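Okay, here's what each chain looks like letter by letter:
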Amino acid sequence: MKILVAEDEPILIRTIEVRLKKDGYELCLASDGQQAIDKIADFAPDMIITDIMMPYASGLEIISYTRQQPGKRTPIIILSSMGQEDVVLEAFKLGADDYITKPFSPNELSVRVRRLLTS
Amino acid sequence: MAVMVGTLLSITIFILIYLVLKRKNERKLNEWREQLSGALQTAIFFENEGSTQATIPLTFKTIRGLKHPGFRQLLIDELVLGKKSLTGTAASNLVLLFNQLGLDKLSLQKLNSRRWHIKARGIQELAVMEQRQLVTRIYRLTNAHHELVRMEAQSAIVQLYGFEGLRFLDIIDTPISEWQQITLLRLLARMPGIQSEKIANWLSSGNDSVRIFALKMVAEHHLHQLHDQVIPCLHHPHPPVRMQTIRSLKEIYTETTSNPLIQVYSTQTIPCRLTILDLLGNIGSPDNGAFLSQQLADREDTLKLGAARALIQMGDVGRQYLDDFPLSGEYPWNEIFQQAKTEQTA
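Residues numbered from 1 in each chain as written. Chains lettered and ligands numbered in written order. Predicted model: local features only at pLDDT ≥ 70, side-chain atom pairs only at ≥ 80, totals over all residues.

### Overview of the overall build of chain A
Under the convention used in this document: Every helix listed is a DSSP run of H or I at least four residues long, and every strand listed is a run of E at least two residues long, numbered separately from the N terminus. In this setup the radius of gyration rests on C-alpha atoms only. A globule is expected at 2.2 Å times the number of residues raised to 0.38. In this scheme every C-beta is placed from the backbone, and a residue whose C-beta has 20 or more other C-beta atoms within 10 Å is buried, one with 12 or fewer is exposed, and one in between is partly exposed. For the purpose of contact definition, each residue receives a C-beta atom placed from its backbone, and two residues are in contact when these atoms lie within 7 Å.
Across its full length, chain A carries five helices and five strands. When the helices and strands of chain A are listed from N to C terminus, the series reads β-α-β-α-β-α-β-α-β-α. Taking 2.2 N^0.38 as the reference for a compact globule, 119 residues should give roughly 14 Å; the C-alpha atoms of chain A span a radius of gyration of 13 Å, in line with that estimate. Here chain A holds 119 residues, and the buried ones make up 36% of them. Look at the contacts in chain A between residues 6 or more apart in sequence, and 58% of them connect residues 24 or more apart.

### Regarding the pairing of strand β2 (residues 26–30) of chain A
Consecutive residues of a regular strand have side chains that alternate between opposite faces of the sheet. Residue and element names in this part refer to chain A. For clarity, the cut-off: Strand pairing follows a simple DSSP-based rule, namely that at least 2 bridges must link the two strands. With its strands directed away from the observer, a crossover is right-handed exactly when the path from the first strand over the helix to the second travels clockwise.
The pairing of strand β1 (residues 2–6) with β2 spans five bridges and is classified as parallel. Residue pairing across strands places L4 opposite C28, the latter belonging to β2. In this view, the connection linking β1 to its parallel neighbour β2 by way of helix α1 (residues 10–22) has right-handed handedness.

### Regarding the sheet that holds strand β4 (residues 76–81) of chain A
Residue and element names in this part refer to chain A. Cut-off, in case you're wondering: Working convention: axes come from line fits to C-alpha atoms, limited for helices to the stretch in contact. Angles between N-to-C directions cover 0 to 180 degrees.
The five strands are arranged β2-β1-β3-β4-β5 in an open sheet whose pairing can be described as parallel. Both edges of this open sheet fall to β2 and β5 (98–102), since each of them pairs with a single strand only. The mean inter-strand angle of the sheet, taken between neighbouring strand axes irrespective of direction, is 20 degrees. With respect to the sheet, helix α5 (residues 106–118) is in contact with β3 (47–51), β4 and β5, its orientation differing from that of β5 by roughly 175 degrees.

### Some words on the interface of chain B and chain A
As a reminder of what qualifies: Amino acid classes used here: Ala, Val, Leu, Ile, Met, Phe, Trp, Tyr, Cys and Pro are nonpolar; Asp, Glu, Lys and Arg are charged; the rest, including Gly, are polar.
Each partner contributes residues to the interface: chain B has 15 residues there, and chain A has twelve residues. Broken down by secondary-structure element, the contributors of at least two residues to the side of chain B that touches chain A are α1 (2–44), α3 (69–85) and α4 (88–100) of chain B. Ranked by residue count, the leading element in the side of chain B that touches chain A is α3(B), at five residues. Residue classes in the side of chain B that touches chain A are distributed as seven nonpolar, six polar and two charged.

Bear in mind that shape data such as this cannot, by itself, settle questions of function.
What follows is the structure, given as structure tokens:
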């Protein structure tokens, strides 16, 4: 299974990478929104995990872009900060499937990813 | 000419040296970051299997790097960032690493600095890394002379001790800024243990900002049991306190709230009066109809509109008051009433 992770905080992206690689997923990392959008076509992920606030393109733009693509529906988990409830609702409207609020536990993320990929 | 060439040459050499040093510094920082990334991941995924004496293993290179103050500070920064973004065992392990390396001493040293921003940084580091044993040192700074140090210390205490941490409200003689009040309320929203008796005490504080903050807590947590202690604040000499009192009453009003509001109405500022009218509209008691109808004759158009809105909120009884108002067909009442009615239907 291939997962694209878009997150601009180095410590978080590295933590997510280590945790999900341990679970056996193939990962593609992007440190900003535009990089993530550019990588979607080539990498063809089975899931996208994206932060909301990122440079160049936001998580919401990644969701919009992904949902406009024809073919299979890629599940999307968003990483949001506390107090971003409105943005989370917007993300769900655009087609996000799940969200995790920062701060979060890497183990929780692992469980959510597995659950979403098997559902 | 020679002087000009010499100056240009000196500037060029200076820029070159600066760029070389900057590049060297950046390279070093990246190298350290790379090194620390490994150490942090080891810590985040460390499994201590219940041992209280657990030690996170570190590479020789990392241990050697710790001798350099810049490296230690970078590690603290990364630990703080990680701790803010992660929860559970991962977050606990970052605190474990902070303690294991004695980095609390470095943060503590910052509290002795004469520069406010270093002091504030130290407080933040200690709070994020849950250094509860140093609470007395931080607590002393909750009434510090510098506003930003004070704010950081107050937030840190609340972060560490929740509502209990607010005991600094008993002693501070400096004002709590609007922004700081929002920060504290946001921190408290995630924490249990609100004690209404304590808030009741702060409602009679001599520090106006403490009183306002207490009123905000009453509203935020819908502390209906403090209704009778909130009412006397309507007589406070300062309008901001009175304004917050009315706003807080909006969240906890009962059938007895109208009378004290009507009694103090004439002594209030226009913004306070408007808020009272709005609150009376919310209360919606037909008993207030006559009072609101009187306010339709006020010289201020904003108050006329406020009274009309309140009457409309009251329903049919209130609308009847508008229709019965002797000047309802004349300007500006006809337009004001129309606006209030349109707003209601919108």
